[in-house]
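Results of the structural survey
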Amino acid sequence: MLIDGERVEAIRLYITGTKFRNITGDPELTDVHVLIITELLDEMSPKGVFKEFNSEIRKSLKAAK
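Right, let's walk through the structure included here. Owing to the predicted nature of the structure, the values given are computational and were not obtained by experimental measurement. (Residues numbered from 1 in each chain as written. Predicted model: local features only at pLDDT ≥ 70, side-chain atom pairs only at ≥ 80, totals over all residues. Heavy atoms only, no water.)

**Examining the overall build of the chain**
- A count of helices and strands for the chain gives three helices and zero strands.
- Reported as C-alpha extents along the three principal axes, the dimensions of the chain are approximately 35 × 25 × 20 Å.
- Split into buried and exposed, the 65 residues of the chain put 20% on the buried side.
- Put simply, the chain shows about 5,200 Å² of open surface, and 62% of that area lies on carbon and sulfur atoms.
- Placing the 10 positive and 11 negative side-chain charges of the chain at their respective mean positions leaves the two points 9 Å apart. (Helix = DSSP H or I, 4+ residues; strand = E, 2+ residues; numbered from the N terminus. Buried < 20%, exposed > 50% of the residue type's maximum accessible area, 1.4 Å probe, protein only. Areas by Shrake-Rupley, 256 points an atom, 1.4 Å probe, with all protein chains shown as cover. Lys, Arg positive; Asp, Glu negative; His and termini not counted. Charge placed at Lys NZ, Arg CZ, Asp CG, Glu CD.)

**Things to note about the side chain of T16**
- Take T16: it is sitting in helix α1 (residues 2–24).
- The buried category is assigned to T16, whose relative accessible area is 7%.
- In contact with T16, other than residues within four places in its own chain, are V34, T38, F50 and F53. (Contact = heavy atoms within 4.5 Å.)

**Things to note about the side chain of T38**
- Along the chain, T38 falls in helix α2 (residues 31–44).
- We classify T38 as buried; its relative accessible area is 4%.
- Among the polar contacts made by the side chain of T38, one reaches the main-chain carbonyl oxygen of L35 at a distance of 2.9 Å.
- With sequence-adjacent residues up to four places away left out, T38 is seen in contact with R12, T16, F20 and F50. (Polar contact = N/O pair within 3.5 Å; in protein donor to acceptor, adjacent residues only side chain to side chain.)

If you want it as structure tokens, here you go:
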């Protein structure tokens, strides 16, 4: 279960990092910066911005097994 959770986090970081780098036009944006941005977005939303996204990643991983 822990490995699946780590995979979800890694996949989310990759996807959001790629998206934020494209949106900002800053290829130098580090994973640490991306994590800070996502934490701030999560704090702004009472339900968590990425809750549904994490669920979709989990569904995709389950379907791939």
